[in-house]
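For reference, the chains in residue letters:
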Amino acid sequence: PVAVAGEALAIYESLDGTAFETRAEVDAAWLFFTTGRREEALLRAEQLQSDSMDETARLLLADIYRLTDQCDRALPLYASVSETDRSARQRWQPAFFEGICYQQLGDWDSAEARYIQALEYAPDEPRVLNHLGYNWIVFGEHVEEGPDMVRRAAELAPDHRALPCTVGRGGT
């Protein structure tokens, strides 16, 4: 894995100065993150975001903040991406992850609003259906709709490892 990561980094660096440079830098930062070099990934993501107005760079930094329990720092970045002119299919992820951050920060009302918005953008997205449905089950809200959403998510993505667990816990 280390040799492959080194080869990948060399390929990413070879794309400096090309139209693929920003995407390569994003992928390199993710490579650092996924191979345990999280601090280096964070530094690269912060630098890339400050050097570029590219929304991919903002999403990278927001995702790293979210995955390192810094949701307070991720929220403004997700919000800035959600406000851009993107297709509805592309907007669901920032809204969904924004909801996750609000929930982690203890603001269920804001989280629920963002999950619902993500569902409006992508009504058949299994992760959104499952997450919102399961939370409704846990909180005793929308007691008929929540289990239906969880079952629908499992139907749409039967191979997704988390969905059968959710169905077993509340969606049956």
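Below or above, wherever it landed, is the structure these notes cover.

## Digging into the packing of aromatic side chains
Then step 1. As enumerated under the stated definition, the model contains 7 aromatic pairs in all.
Then step 2. For the pair Y78 and F97, a centre-to-centre distance of 6.1 Å together with 35° between the ring planes defines the contact as tilted. Placement of the pair is Y78 in helix α5 (residues 71-82) and F97 in helix α6 (residues 88-104), with a sequence separation of 19 residues.
Then step 3. Here Y78 falls in the buried class, since its relative accessible area comes to 0%.
Then step 4. Here F97 falls in the buried class, since its relative accessible area comes to 14%.
Then step 5. With a centroid separation of 5.8 Å and an interplanar angle of 50°, the aromatic rings of W92 and F96 are classed as tilted.

## Brief notes about the packing of helix α8 (residues 126-139) against helix α9 (residues 145-156)
Then step 1. Close contact between α8 and α9 brings their axes to 7 Å; oriented N to C, the two are set at 150°. Relative to α9, α8 is oriented roughly antiparallel. For the element pair α8 and α9, the recorded crossing hand is left-handed. Contact residues: P126, L129, N130, L132, G133, Y134, W136 and I137 in α8; E145, G146, P147, M149, V150, R152, A153 and L156 in α9.
Then step 2. Tallied by class, the residues present in the contact of α8 with α9 amount to 11 nonpolar, 3 polar and 2 charged.

## Here's the deal with helix α7 (residues 108-121)
Then step 1. Here α7 spans 20 Å end to end across 14 residues, near enough to the 20 Å set by a 1.5 Å rise per residue.
Then step 2. Restricting attention to buried positions, one finds in α7 the residues W108, A111, E112, R114, Y115, A118, L119 and Y121.

What counts, and at which threshold
Residues numbered from 1 in each chain as written. Predicted model: local features only at pLDDT ≥ 70, side-chain atom pairs only at ≥ 80, totals over all residues. Heavy atoms only, no water. Phe/Tyr/Trp six-rings, centres within 6.5 Å; stacked < 30°, edge-to-face > 60°. Helix = DSSP H or I, 4+ residues; strand = E, 2+ residues; numbered from the N terminus. Buried < 20%, exposed > 50% of the residue type's maximum accessible area, 1.4 Å probe, protein only. Axes fitted to C-alpha atoms, helices over the stretch in contact; angles between N-to-C directions. Parallel < 35°, antiparallel > 145°, perpendicular 65-115°, else oblique. Left-handed = near helix turned anticlockwise from the far one by under 90°. Contact = heavy atoms within 4.5 Å. Nonpolar A, V, L, I, M, F, W, Y, C, P; charged D, E, K, R; others polar. Expected span 1.5 Å × (residues − 1).

These results come straight from atomic positions and should not be treated as a statement about function.
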